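So you can see what is in the structure, the chains are spelled out below.
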Amino acid sequence: MRLPAGERLLSTEGLVVGHEGAAILPPLTITIAAGELWAVIGPNGSGKSTFVRTALDLVPPLGGTITRRPELRLAYVPQQSALDAIFPISVADFVLMGLQGPGNVTLLGGRANAARAADALDEAGARRLERRQLRDLSGGQRQRVLIARALATDADLVFLDEPTTALDAAAEHEVLELIEKLRAKRGAAVVMVTHLVEDGLERADRALLLDRDHGVARAATAAEVRALPEFARVYGRFIARGGEASP
């Protein structure tokens, strides 16, 4: 079933994130709705990963509230470099693992789950890799498999952490096109942490600019964020000389 466009999936009110009781960003109030693509941008160490981990309920907030739609299905796509380089698992089994849950804690999910995994690999253009070991894949191939795993879950809201890191230009383009599939499949929302600022803002509906050093946490439409003085302070010198912003 396709999600109604604009349906509220996750919202925060005065959300405070941080480490060991110390806030690292100003309070943040946002609403993520079905069908939206969010670009989360900011310098290295600006709090992007902490925000994502808090939104995913992996770490507790220091203040404020997070409200999730009842029975919200979440998926997380980490950086492909975060995968265990020596763990022996086939691509097919790795995607199947993404379907584990309270009612399915083994890989014995039967034909239905196997079919879901195969269909997701097809959508991600990675079906030919299903019998290969995950550890033997290139960076671009691993990222395709990670996105296939997210597609298999049929999630309502997908968080991606730097999905194009360490990829060449061709692989970057392919991965960004796959990300569009994540929200096109059933109207899911996608929140993407990215260092490809110009490309990210071009594709995104909304953006979140974080800058821990200057106390910035601003959410708005992508065009509005692009026009913020805080954006110019962080990225102006990179944009001005025509390069991709990555401070």
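In the block above lies the structure referred to throughout.
The paragraphs below set out a description of the structure included in this document. (Residues numbered from 1 in each chain as written. Predicted model: local features only at pLDDT ≥ 70, side-chain atom pairs only at ≥ 80, totals over all residues. Heavy atoms only, no water.)

## Focus: the environment of Gly47
Defined as follows: Runs of E in the DSSP output that reach at least two residues are strands. Runs of H or I that reach at least four are helices, and both are numbered from the N terminus. Categorising residues by exposure relies on relative accessible area from a 1.4 Å probe, with only protein chains included: less than 20% of the type maximum marks a residue as buried, more than 50% marks it as exposed, and the intermediate range marks it as partly exposed. Here, two residues are considered to be in contact whenever any of their heavy atoms come within 4.5 Å of each other.
Topologically, Gly47 is positioned in the loop between strand S5 (37–41) and helix H1 (48–55). For Gly47, a relative accessible area of 8% puts it in the buried group. Along the chain, Gly47 and Gly63 lie 16 residues apart, while their C-alpha atoms are 15 Å from each other. Excluding residues within four positions of it along the chain, Gly47 makes contact with Ile24, Leu25 and Leu210.

## A few points about the sheet that holds strand S11 (residues 216–221)
Our working rule: We call two strands paired when DSSP finds no fewer than two bridges between them. Here an angle of 0 to 180 degrees is reported between the N-to-C directions of two axes, which are lines fitted to C-alpha atoms, with helices fitted over the stretch in contact.
Strand order in the open sheet made by the six strands is S7-S8-S9-S5-S10-S11, with mixed pairing throughout. The open sheet terminates on both sides in strands that have one partner only, identified here as strand S7 (74–77) and S11. When strand polarity is set aside, the average angle formed by the axes of neighbouring strands in this sheet is 15 degrees. Inspection of the sheet shows S5 paired to strand S10 (residues 206–211) by four bridges, in the parallel sense. Note on S10: the bridge partner recorded for Val40 is Leu208.

## Quick look at the packing of aromatic side chains
For clarity, the threshold we go by: When the centres of two rings from Phe, Tyr and Trp lie within 6.5 Å, Trp using its six-membered ring, the rings pair. Their planes under 30 degrees apart give stacked, over 60 give edge-to-face, and anything left gives tilted.
Applying the stated criterion to the full structure yields one aromatic pair. Ring centres of Phe231 and Tyr235 lie 5.1 Å apart, and the angle between their planes is 45 degrees; on these two criteria the pair is classed as tilted. One end of the pair, Phe231, and the other, Tyr235, are both in helix H8 (residues 229–240), four residues apart, so they sit about a helical turn from each other.

## Quick look at unusual backbone geometry
Phi at Asp57 is positive, roughly 70 degrees, even though this residue is not glycine. Here the phi dihedral of Glu71 falls at roughly 60 degrees; this positive angle occurs in a residue that is not glycine. For Glu71, a relative accessible area of 75% gives the class exposed.

## Quick notes on the environment of Asp199
Structurally, the position occupied by Asp199 is in helix H6 (residues 197–203). The class of Asp199 is partly exposed, set by a relative accessible area of 27%. Counting along the chain gives 27 residues from Asp199 to Arg226, while the straight-line C-alpha distance between them is 12 Å.

## Here's the deal with the pairing of strand S8 (residues 157–161)
So the rule is basically this: A clockwise path from the first strand over the helix to the second, with the strands pointing away from the viewer, defines a right-handed crossover.
Most of S8 sits out of view: five of its five residues are buried. By the alternation rule, side chains of S8 split into Leu157, Phe159 and Asp161 and Val158 and Leu160, which are all buried. Relative to S8, S7 is paired through four bridges, and the arrangement is parallel. Residue pairing for S8: Val77 is matched across the bridge by Leu160. As paired strands, S8 and strand S9 (residues 189–193) are joined by five bridges and run parallel to one another. Pairing of Asp161 across the sheet is with Val193, part of S9. Remark: the S8/helix H5 (residues 169–184)/S9 crossover connection has right-handed handedness.

## Some details on the pattern of salt bridges
Applied cut-off: Note on definitions: salt bridges are taken to be side-chain nitrogens of Lys or Arg within 4 Å of carboxyl oxygens of Asp or Glu.
Overall, the coordinates contain twelve salt bridges when judged by the stated rule. The partner of Arg127 in a salt bridge is Asp122, and the shortest N-O contact between them spans 2.9 Å. Measuring nitrogen to oxygen at the nearest pair gives 3.3 Å for the salt bridge that ties Arg127 to Glu130. By relative accessible area, Arg127 is classed as partly exposed at 34%. When its relative accessible area of 22% is taken as the criterion, Glu130 is described as partly exposed.

## Comments concerning the sheet that holds strand S6 (residues 63–68)
Pairing is antiparallel across the open sheet formed by three strands, whose spatial order is S4-S1-S6. Of all strands in the sheet, those bounded by a partner on one side alone are strand S4 (28–33) and S6. Going from strand to strand, the sheet's axes swing by 5 degrees on average, the running direction of each strand aside. Here five bridges tie strand S1 (residues 8–16) to S4, and the two strands are oriented antiparallel to one another. By the bridge assignment for S4, Ser11 is matched with Thr31.

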